Amino acid sequence: MFGKRLLMLAMLFSFVPVFAAGPSFHPDTTFSGSSLSGWHTIGPAEWRAESGELVATPKQGGGWLVLDRSYQDIGVYTQFRCAGACETGVLLRAEKTPTGMKGIYVALSDPDLPTYSVTIDAQGQIVERNKLRHGGGLERIAPPPSPEAAREFHPPVSTVTLPFTAPDSKLRADDWNQVEILFDANIVRTFLNDGREHGAVGDEGYGPIALYAGGSGEVRFKDLAYKDLGLKVRLPDKTSSNFRKEQLSDFYYSWSSGAADFNHDGVLDIVSGPYLYYGPDYTRSREMYLAESVNPSTKFAGDAWMDFPADFTGDGWADVVTVSYGGANGGVFLYVNPKGEERRWEKFKVVPDVQSEIAVMRDVDGDSKPEIVYMGGGQVRYAKPDPANPTGQWIVHNVSEKGYATAHGIGVGDVNGDGRVDIVNPYGWWEQPARAATRRLGPTIRKRLAAMGAASWAAA
């Protein structure tokens, strides 16, 4: 059973550890220098770099070596040696607070490898730590705890004499140990000396990694390597010399896609559902929100029926609006571009009621900014952000009376050639009145014949 679990995890996560020395992932960075460039210290501990090793002598209370770069989903590998009564560990997603910082701390000098949510003061002292609940296994995203899951987890102890002896993966005091930590979504997975997974459920966050040296006794780290797990890379598809085909995703996440320069490199990128695919080759991708694949045989991709990129917040960076049909889970959702930070985007529900399975993004009112045209509450509508509060509730304009909304079919264009944008759906079309002060569509429905000539719509 254990072998099957390892195989399934290897299929689900390309970074699952195997029983071999070194990290299971291909690192973005491996520390091999003799300076602390790119790092800074917090708290009373002396840090130095020598011949590819990071060495710390803790002082009263201990201290941290903090990376200058921030991450969200990250893989960390290192070998460490904790001499004497030292205490050491790795802090992940270290976020600044008004009084210091907070983050998720993996205690490496404890044989049980517990993981904590910690609060750290401005002097680098851990002033609060709360042990995280167990999680992991085959799950990528841990659900909320149940009463049963709240109990302390203890792995089963086998009473069977096995035909082989598993390698000793226990913590080796005053000796070198190797550890790999994978923090993806809300699960921290720690593997000590190629042993079993120690899993814990953490919180969303974004920040640097940090190494800790406390207690008494020297701490050494070597072969330190880390990787941004949020950035996915796939090889380009090859077809022929005359045509290029590229499959962006292996699974079904969304019904739609859009294009904008999300990272300000001058090249168009693609958004589709939870993923951003970076141009010009589109082999690199990053999550905009936590990705959960959907079985297309049994379920719709409910998170993103439509994707519309534009600068909705007015800060010069392209955001994304997703429009989803369906009850309490439906609506218009704004994802705000974090402006170069390599993290998932903040989400805001800006319109609560959407009953159409299609929407259109166009500049309806002539202000050179796009609006979302859709149907909700039984009416044809368009919505636009409030310039004073773009992440709050958007301004909704009712175009039709109640009763004219449909699930499918909506369009925007100048139907009568008067230079103003009109809106059409299966019932007819709504002419935009010539009221420049309000730029609001009137309630008049023009009588038009259906394409097949068999039906007509009466004026409102």
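Residues numbered from 1 in each chain as written. Predicted model: local features only at pLDDT ≥ 70, side-chain atom pairs only at ≥ 80, totals over all residues. Heavy atoms only, no water.

Some points on the overall build of the chain
Within the chain, the regular secondary structure consists of one helix and 32 strands. Scored against the burial criterion, the 460 residues of the chain give a buried share of 45%. Once local pairs closer than 6 in sequence are excluded, the contacts in the chain between residues at least 24 apart make up 53%. Here the chain has roughly 23000 Å² of accessible surface; of this, 53% comes from carbon and sulfur atoms. (Helix = DSSP H or I, 4+ residues; strand = E, 2+ residues; numbered from the N terminus. Buried < 20%, exposed > 50% of the residue type's maximum accessible area, 1.4 Å probe, protein only. Contact = heavy atoms within 4.5 Å. Areas by Shrake-Rupley, 256 points an atom, 1.4 Å probe, with all protein chains shown as cover.)

Side note on the state of the cysteines
Formally, a disulfide is one covalent bond, and it connects the sulfur atom of one cysteine to the sulfur atom of another. Considering all chains together, one arrives at one disulfide under this definition. There is a disulfide in this structure between C82 and C86, and the S-S distance comes to 1.5 Å. As far as the burial class goes, C82 and C86 line up, both buried. (Disulfide = S-S within 2.5 Å.)

Comments concerning the pattern of salt bridges
Enumeration over the complete set of coordinates arrives at 26 salt bridges. D28 is the partner of K227 in a salt bridge, and the nearest nitrogen-oxygen pair spans 3.7 Å. With K227 in strand β15 (residues 219–228) and D28 in the loop between α1 (2–12) and β1 (29–30), this residue pair connects regions lying 199 residues apart in the sequence. For D28, a relative accessible area of 44% translates into the label partly exposed. The salt bridge partner of R381 is D353, with a shortest N-O separation of 4.0 Å. With R381 in strand β27 (residues 379–384) and D353 in the loop between β24 (346–351) and β25 (360–362), the pair connects residues that are 28 residues apart, well separated along the chain. The class for R381 is buried, based on a relative accessible area of 14%. Through salt bridges with shared partners, one network takes in D73, R93, R140, D184, E204, E287 and R344. (Salt bridge = Lys/Arg side-chain N within 4 Å of Asp/Glu carboxyl O.)

Focus on the side chain of R344
Position of R344 among the secondary structure elements: in the loop between β23 (331–336) and β24. For R344, the side chain forms a polar contact with the side chain of D73, separated by 2.6 Å. Separated by 2.9 Å, the side chains of R344 and E204 make a polar contact. With sequence-adjacent residues up to four places away left out, R344 is seen in contact with Q72, D73, R93, R140, A185, E204, E287, M288, Y289 and L290. (Polar contact = N/O pair within 3.5 Å; in protein donor to acceptor, adjacent residues only side chain to side chain.)

A closer look at the pairing of strand β8 (residues 100–107)
Within β8, six of the eight residues are buried, leaving the element largely enclosed by the surrounding structure. With seven bridges joining them, strand β7 (residues 86–97) and β8 adopt antiparallel strand pairing. Each bridged residue has a counterpart across the sheet, and for V90 the counterpart in β8 is V106. (Pairing = 2+ DSSP bridges.)

Some points on unusual backbone geometry
Here the bond from G279 into P280 is cis, since omega is 10 degrees, no more than 30 degrees from zero. Positionally, P280 belongs in the loop between β19 (275–278) and β20 (284–287). Notably, L113 is not glycine yet its phi reads approximately 50 degrees, a positive angle. Secondary-structure assignment places L113 in the loop between β8 and β9 (115–121). Judged by its relative accessible area of 3%, L113 falls in the buried class. The backbone of D174 shows a phi angle near 55 degrees, a positive value even though the residue is not glycine. Taking relative accessible area as the criterion, D174 reaches 49% and is therefore assigned partly exposed.

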